[in-house]
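Inside the fold
As a plain string of letters, each chain reads:
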Amino acid sequence: MNENKIASRQAAFLTFFLVLGTAIIYMPESIAGRDAWLSTLIAVPVGMYILFVIITLQIMFPGRNMMDISELVLGKFAGRILNAFYVWLLFVITVFYLYDLFIFLDIVILDLKRQIHYSILILLAAYCIYKGINAVARLADLLVWLVALFLALGISISIVSGSNFSCLTPVLADWKPVMAGSLYAANWPFAQVSVLIMYLPFISDLAEKRRAIYTGYLIGALILVIRSVLNVSILGAEITKFTRYPTYQALRLLEVGTFERIDMMFFGLLFITGFFALLIWYQGLVLGVQKLLDRDDMRYLILPVGLLLVVFTSYMLAADIEVFSRQVRVLPFHSLPIHILYPTIIYIAGKIYKKKNTASRAAVR
Amino acid sequence: MLLILVIFIALFVILELPELLKSKAYQDIMIVTLLLFLSTAYGIAYHLHSEMLPNPNQILYSFDPLAESFQSLLQVGDEIQP
């Protein structure tokens, strides 16, 4: 296969990792308490909608990057402004992913400075990006089975040894927290599939096998629903609400026979999914900067953009207390509109552009 | 932070700069210089605990009123987790 081409199946694995990402650790919809699984379920269509729009657009304009399509259908000026908004979003979300992963790693590696954590993660991701999109996709291809095995193991052990499903009742006693939870879940992780915008032009068989990507997304979403059910049934609604990493906390409580503290066995799984999300966003950001600045090559941008991420994560997210009490609270209101509106505006403009083009061609004939 | 700045810049100079100079890609070198300058400026500001440079957080904080009205509408708040 061409070095810069990936198969739909590999894109589906990337989508799967993207959906699990760090959301499997943090459970953004935990605000909904015992109905968190309902919040997860309600948020799923948001990502499906975004996937539908971006895939349809890509098929309408094959071989073109979304940023090119934007400039083509909206005009150079308006298209570029819209693209700048999206690159800004890519930047902010990557900064947050880097921070999330650092906070999680901090559980086991306590005595390293945060900037060193950031640098190690970014250099690791930069190495993967240097190897090319195809290498990243093949890595996903390779690791997805390992992740699936550990997920199956984790889910089975949780059901057998620690769950108390009565914690999930009564269902939907109050709809307000469910709606709030679904907004947070819609923003993170479901709407974040929008980053696939940067990857779709590299998929060789998108038109024929696009269903694989939807399948990858839905499997990821199903696992998140199961995660929400299990976390609440193991920890209870209150602890789930106030714990920083409900999934990790739930895994800590599990026992298999005389074995305790099996959470370390699953640490790798949670790290892999989180790291993949960071990798996908970082690569998306580099591709976005390359397109925005109209450059032919992205290779030389990898390290400078990486350094920018390390510096700005330290500068913007300097204090934990501020991140969790303020920034995370406002993030959906900043990001979700861009996730949804960016592809939607281009989609509508693309439809109009195609219609006009067909009409003018018919007139010439 | 200063050490990290040095490491990243050194890596770039070793891995990428020779190729860019060889192909006379001066526009690309300009772009990278700008990005590295931005990183260095913010890195030094972070190192000195200075708040002289504009913080991009201000853009996020401009959505505070919206988040507050949403929370009061749905009567949720303190328990929001990352």
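Structural data are supplied above this passage.
**Some thoughts on the overall build of chain A**
Across its full length, chain A carries 15 helices and zero strands. The C-alpha radius of gyration computed for chain A amounts to 21 Å, which stays within 12% of the reference 21 Å derived for 365 residues, consistent with globular compactness. Overall, the C-alpha framework of chain A stretches about 75 × 45 × 40 Å when taken along its three principal axes. With 365 residues in all, chain A has 62% of them scored as buried. Counting only contacts in chain A whose residues sit at least 6 apart along the sequence, the fraction spanning at least 24 positions is 83%. Approximately 14,000 Å² of chain A is accessible, and the part contributed by carbon and sulfur atoms is 66%. The positive charge centre, built from 30 side chains, and the negative charge centre, built from 21, are 11 Å apart in chain A.

**Re the overall build of chain B**
On a plain count of helices and strands, chain B comes out with five helices and zero strands. Helices and strands in chain B line up, N terminus first, as α-α-α-α-α. Whereas a compact globule of 82 residues would reach a radius of gyration of roughly 12 Å, chain B reaches 20 Å, over 25% beyond that. A principal-axis box enclosing the C-alpha atoms of chain B has dimensions of 60 × 30 × 25 Å. Counting over 82 residues, chain B shows a buried share of 40%. Looking at chain B as shown, the accessible area adds up to about 5,100 Å², and 70% of this sits on carbon and sulfur atoms.

**What about a nonpolar patch on the surface?**
Residues Val108, Ile109, Leu112, Ile116, Ile120 and Met264 of chain A make up a contiguous nonpolar surface patch of about 440 Å² in total accessible area. Under the relative-accessibility criterion, Ile109 of chain A is labelled partly exposed at 33%.

**Description of the interface of chain A and chain B**
With 54 residues of chain A in contact, the opposing surface of chain B contributes 47 residues. Summed over both partners, the interface of chain A with chain B buries about 4,700 Å², with 73% contributed by carbon and sulfur atoms. Salt-bridge contacts for Glu16 of chain B lead to Arg299 of chain A; the nearest nitrogen and oxygen are separated by 3.6 Å. The tally of links from chain A across to chain B stands at seven residue pairs in polar contact (both at pLDDT 80 or more). When residues of the side of chain A that touches chain B are assigned to their parent elements, the largest contribution, twelve residues, is made by helix 14 (residues 302-316) of chain A. A per-class count over the side of chain A that touches chain B returns 37 nonpolar, eight polar and nine charged.

**Let's talk about the packing of aromatic side chains**
All names here are of chain A. Enumeration according to the criterion identifies 22 aromatic pairs over all chains in this entry. Taking the centre distance of 6.1 Å and the plane angle of 45° together, the rings of Phe61 and Tyr353 count as tilted. Taken together, the residues Phe61 in the loop between helix 3 (36-60) and helix 4 (66-74) and Tyr353 in helix 15 (residues 320-364) connect sequence positions 292 residues apart. When the ring of Phe271 is compared with that of Phe275, the centres are 5.8 Å apart and the planes differ by 20°; the resulting orientation is stacked. Of this pair, Phe271 and Phe275 are both found in helix 13 (residues 263-292), four residues apart, which corresponds to roughly one turn of the helix.

**As for a positive patch on the surface**
Residue and element names in this part refer to chain A. A contiguous patch of positive charge, built from Arg64, Lys354, Arg361 and Arg365, is present on the exposed surface. With respect to the element layout, Arg365 can be found in the segment after helix 15. Residue class for Arg365 comes out exposed when judged on its relative accessible area of 82%.

**A look at the nonpolar core**
All names here are of chain A. Of all hydrophobic cores here, the largest spans 157 residues; its most connected members are Tyr86 and Tyr282. For this core, the element with the most residues is helix 5 (residues 76-105), which contributes 18 residues. Not counting chain neighbours up to four residues away, the residues in contact with Tyr282 comprise Thr94, Ile122, Ala125, Ala126, Ile129, Ile302, Leu303, Val305, Gly306 and Leu309. Of all hydrophobic cores here, the second largest spans six residues; its members include Met27, Ala36, Leu168 and Val232.

**Observations concerning the packing of helix 5 of chain A against helix 6 (residues 114-130) of chain A**
Residues and elements named next belong to chain A. Remark: helix 5 packs on helix 6, axes separated minimally by 10 Å, with the N-to-C direction vectors making an angle of 115°. Seen along the crossing, helix 5 lies across helix 6 with a hand that is right-handed. Contacts between helix 5 and helix 6 involve Leu98, Tyr99, Leu101, Phe102 and Leu105 on the former and, on the latter, Arg114, His117, Tyr118, Leu121 and Ile122. For the contact of helix 5 with helix 6, a count of residues per class yields eight nonpolar, one polar and one charged.

**Structural notes on the pattern of salt bridges**
Evaluated as defined, the whole model comprises eleven salt bridges over all chains. A salt bridge links Asp68 of chain A to Lys291 of chain A, with the nearest nitrogen and oxygen atoms 3.4 Å apart. Highlighted residues: Asp68 of chain A in helix 4 and Lys291 of chain A in helix 13, separated in sequence by 223 residues. Residues Arg295 of chain A and Asp28 of chain B are paired through a salt bridge, measuring 2.7 Å at the closest nitrogen-oxygen approach. One end of the pair, Arg295 of chain A, is in the loop between helix 13 and helix 14; the other, Asp28 of chain B, is in helix 3 (residues 26-47), on a second chain. One salt-bridge network, held together by shared partners, links Glu71, Lys76, Arg80 and Asp294 of chain A.

**Quick word on helix 7 (residues 133-162) of chain A**
Given a rise of 1.5 Å per residue, 30 residues ought to cover 44 Å, and the 40 Å separating the end C-alpha atoms of helix 7 of chain A matches this to within 8%. The sharpest bend along helix 7 of chain A comes to roughly 35°, located at Leu143 of chain A.

**Topic: the environment of Glu260 of chain A**
Structurally, Glu260 of chain A is set in the loop between helix 12 (246-253) and helix 13. Once residues lying within four places of it in the same chain are set aside, the contact partners of Glu260 of chain A are Leu254 and Glu255 of chain A.

What counts, and at which threshold
- Residues numbered from 1 in each chain as written.
- Chains lettered and ligands numbered in written order.
- Predicted model: local features only at pLDDT ≥ 70, side-chain atom pairs only at ≥ 80, totals over all residues.
- Heavy atoms only, no water.
- Helix = DSSP H or I, 4+ residues; strand = E, 2+ residues; numbered from the N terminus.
- Rg over C-alpha atoms; globule rule 2.2 N^0.38 Å.
- Buried < 20%, exposed > 50% of the residue type's maximum accessible area, 1.4 Å probe, protein only.
- Contact = heavy atoms within 4.5 Å.
- Areas by Shrake-Rupley, 256 points an atom, 1.4 Å probe, with all protein chains shown as cover.
- Lys, Arg positive; Asp, Glu negative; His and termini not counted.
- Charge placed at Lys NZ, Arg CZ, Asp CG, Glu CD.
- Patch = residues over 30% accessible without salt bridge, like charges linked within 9 Å, V, L, I, M, F, W, Y side chains within 5 Å.
- Salt bridge = Lys/Arg side-chain N within 4 Å of Asp/Glu carboxyl O.
- Buried area = accessible area lost by both parts, 1.4 Å probe.
- Polar contact = N/O pair within 3.5 Å; in protein donor to acceptor, adjacent residues only side chain to side chain.
- Nonpolar A, V, L, I, M, F, W, Y, C, P; charged D, E, K, R; others polar.
- Phe/Tyr/Trp six-rings, centres within 6.5 Å; stacked < 30°, edge-to-face > 60°.
- Core = buried A, V, L, I, M, F, W, Y, C linked by side-chain atoms within 4.5 Å.
- Axes fitted to C-alpha atoms, helices over the stretch in contact; angles between N-to-C directions.
- Left-handed = near helix turned anticlockwise from the far one by under 90°.
- Expected span 1.5 Å × (residues − 1).
- Bend = angle between axes of the 7 residues up to and from the residue.

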